[in-house]
Amino acid sequence: MTKIVFPTQEKLSYISPVINSFEESKYLTIISCKGQNIDSVDMVLNPYNPSHKKSFIKYCTTSHFNVLVTPDGSCLPVKKLEDHHISVYKTKENKIILNIFSDFVQDKLAKVK
């Protein structure tokens, strides 16, 4: 099972648009999938705090997140996330999660390094 996480402002499931960064998002929308099939979509309040990035990494690892997708990867501790086997991919702001998921499974997203 792969868990893909998106920063959002609205609780609209996979039709939510992503916002610019994890710093600014109110919610995290989480798609759990097997291959190209979505098993579930969850929305949680965003625990991200820029001054406590270690706690966000711990939250991601204990929640078993595999992928974070954001228009702005600069606020994330990408190297430390990668050390915990969590990949970060870049997308366009305001794009709908379901469309981003489609791009992800077709390998159309660029990985943030």
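Residues numbered from 1 in each chain as written. Predicted model: local features only at pLDDT ≥ 70, side-chain atom pairs only at ≥ 80, totals over all residues. Heavy atoms only, no water.

Visitor: Where do I start with the state of the cysteines in this structure?
Guide: By definition, a disulfide links the sulfur atoms of two cysteine residues through a covalent bond. By the definition in use, this model includes zero disulfides. In this structure Cys 33 is not part of a disulfide, and its nearest cysteine sulfur, from Cys 60, lies 16 Å away. Under the relative-accessibility criterion, Cys 33 is labelled buried at 3%. Between Cys 60, a cysteine without a disulfide, and Cys 75, which holds the nearest cysteine sulfur, the sulfur-to-sulfur distance is 11 Å. (Disulfide = S-S within 2.5 Å. Buried < 20%, exposed > 50% of the residue type's maximum accessible area, 1.4 Å probe, protein only.)

Visitor: Just checking my understanding: could you explain the pairing of strand S5 (residues 87-90) for this structure?
Guide: Moving residue by residue along a regular strand, the side chains alternate between the two faces of the sheet. When strand S4 (residues 67-70) meets S5, the two strands line up parallel, connected through four bridges. Paired with Thr 70 across the bridge in S5 is Lys 90. Taken together, S4, helix H2 (residues 78-83) and S5 constitute a β-α-β crossover, and its handedness is right-handed. Looking at chain direction, S5 and strand S6 (residues 110-111) are connected through two bridges and run antiparallel. The residue bridging Tyr 89 from the neighbouring strand is Lys 111, located in S6. (Pairing = 2+ DSSP bridges. Helix = DSSP H or I, 4+ residues; strand = E, 2+ residues; numbered from the N terminus. Right-handed = clockwise from strand over helix to strand, strands pointing away.)

Visitor: Is there a simple way to think about the nonpolar core in this case?
Guide: With 17 residues, the main nonpolar core has Phe 22, Phe 56, Leu 68, Leu 76 and Leu 81 as its most contacted residues. Elements with a minimum of two residues in this core: strand S2 (27-34), helix H1 (53-62) and H2. The contact partners of Leu 68, leaving out residues within four places of it in the chain, are Val 5, Phe 22, Phe 56, Cys 60, Leu 76, Leu 81, Ile 86, Ser 87, Val 88 and Tyr 89. Counting 13 residues, the second-largest nonpolar core is a separate cluster that includes Phe 6, Cys 33, Val 67 and Tyr 89. (Core = buried A, V, L, I, M, F, W, Y, C linked by side-chain atoms within 4.5 Å. Contact = heavy atoms within 4.5 Å.)

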